[in-house]
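# Fold and geometry: a report
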Amino acid sequence: MEEGVRGYDFLYTDVWVSMGEPDEVWKERIAMLEPYRVTGRVMDMTGKSECRFLHCLPAFHNRKTAIGEHTCQKFGIDCMEENDEVFESPRNAAFLEAENRLHTIKAVMVATLAEESIEDALARNSFSDRGQQVLGVMEQSLPCAFHAPATSAKRHEGQDSDLGSASAMS
């Protein structure tokens, strides 16, 4: 493991098992991946005190959730991909990663709701009603989408996505 992580600035892991997978899959994946759990010791093996931890979330790092406790009881482990020492440390950048993903998703939504380039659509106020709702919710949290260079992303003619209520996206 030490040779594999030495010198890295970031260690990234993902969930080992998706919800809904049968117990046999859980048992197999836990047995296969447990030696690769990211711990404080593994972070230190990078040789870089500034090394950061990334995870797409959700992360099963302790027994303090119903799923964490259930996993412990069923499979005899206290954590999965990473332990609490890493997840609750200043080295954890998973929440910054999640915030960046949120803004990226919002930008994609703005681009796909545009009937023309974002720049032109904003200038002409030519978004669909649903697009206007989404833009209203996003305007304050995503200023870069409103000042970015124009894109050529267009909404498919006659196709309107059901994106849910604007409050559900905030």
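The rules behind these values
- One numbering rule holds for all chains: residues counted from 1, following each sequence as written.
- Reporting in this predicted model follows two pLDDT cut-offs: at least 70 for local features of residues, and 80 or more for side-chain atom pairs to be given and counted; totals over whole chains, interfaces and linings ignore these cut-offs and use all residues.
- As a convention, hydrogens and water are excluded, and side-chain values are obtained from all of the structure's heavy atoms.
- Secondary structure elements follow DSSP: runs of H or I of four or more residues count as helices, runs of E of two or more count as strands, with numbering from the N terminus.
- Definition of a polar contact: a pair of N or O atoms within 3.5 Å, with one able to donate and the other able to accept a hydrogen when the atoms are protein atoms, and with sequence-neighbouring residues admitted only if both atoms are side-chain atoms.
- It only takes one pair of heavy atoms within 4.5 Å for two residues to be counted as in contact.
- Known as pLDDT, the predictor's per-residue confidence is scaled from 0 to 100.
- Counted as salt bridges are all cases of a side-chain nitrogen of Lys or Arg within 4 Å of a carboxyl oxygen of Asp or Glu.
- Burial status follows relative accessibility: with a 1.4 Å probe on protein chains alone, a residue under 20% of its type maximum counts as buried, one over 50% as exposed, and anything between as partly exposed.
- Put simply, two rings from Phe, Tyr or Trp (the six-membered ring, in Trp's case) pair if the centres are within 6.5 Å, and we call them stacked under 30 degrees between planes, edge-to-face over 60, tilted for the rest.

## Re the side chain of Arg91
- Following the sequence through the fold, Arg91 ends up in the loop between helix H5 (84-87) and helix H6 (94-113).
- At 3.1 Å, the side chain of Arg91 and the side chain of Asp44 are in polar contact.
- Excluding residues within four positions of it along the chain, Arg91 makes contact with Met43, Asp44, Thr46, Lys48, Ser49, Cys51, Arg52 and Phe53.

## Concerning the confidence of the model for the chain
- Chain-level statistics for the chain give a pLDDT mean of 78 and a share of 66% at 70 or above.
- Confidence, read as mean pLDDT per element, is least for helix H8 (residues 129-138) in the chain (60) and greatest for helix H3 (residues 40-45) (98).

## Side note on the pattern of salt bridges
- Counting across every chain of the model gives 6 salt bridges.
- Among the salt bridges present, the one from Asp23 reaches Lys74, with a minimum N-O distance of 2.8 Å. Remark: Lys74 occurs in helix H4 (residues 66-75) and Asp23 occurs in helix H2 (residues 23-33); sequence separation between them is 51 residues.
- The exposure class assigned to Asp23 is partly exposed, which follows from its relative accessible area of 28%.
- The class for Lys74 is partly exposed, based on a relative accessible area of 40%.
- Among the salt bridges present, the one from Asp44 reaches Arg91, with a minimum N-O distance of 3.1 Å. Separated by 47 residues along the polypeptide, Asp44 in helix H3 and Arg91 in the loop between H5 and H6 bring together distant segments of the chain.
- Arg91 gets classed as buried once you look at its relative accessible area, which sits at 15%.
- One continuous salt-bridge network, built from bridges that share partners, spans Arg63, Glu69 and Asp78.

## Description of unusual backbone geometry
- A cis amide bond links Leu57 to the next residue, Pro58, at an omega of 0°.
- Following the sequence through the fold, Pro58 ends up in the loop between strand E2 (52-55) and H4.
- With respect to the element layout, Leu57 can be found in the loop between E2 and H4.
- By relative accessible area, which is 22% here, Leu57 ends up partly exposed.

## What about the packing of aromatic side chains?
- Within the structure shown, the criterion is met by 2 aromatic pairs.
- For the ring pair Phe87 and Phe95, a centre distance of 5.6 Å and an interplane angle of 70° mean the geometry is edge-to-face.
- Looking at Phe87, the relative accessible area reads 9%, which means it is buried.

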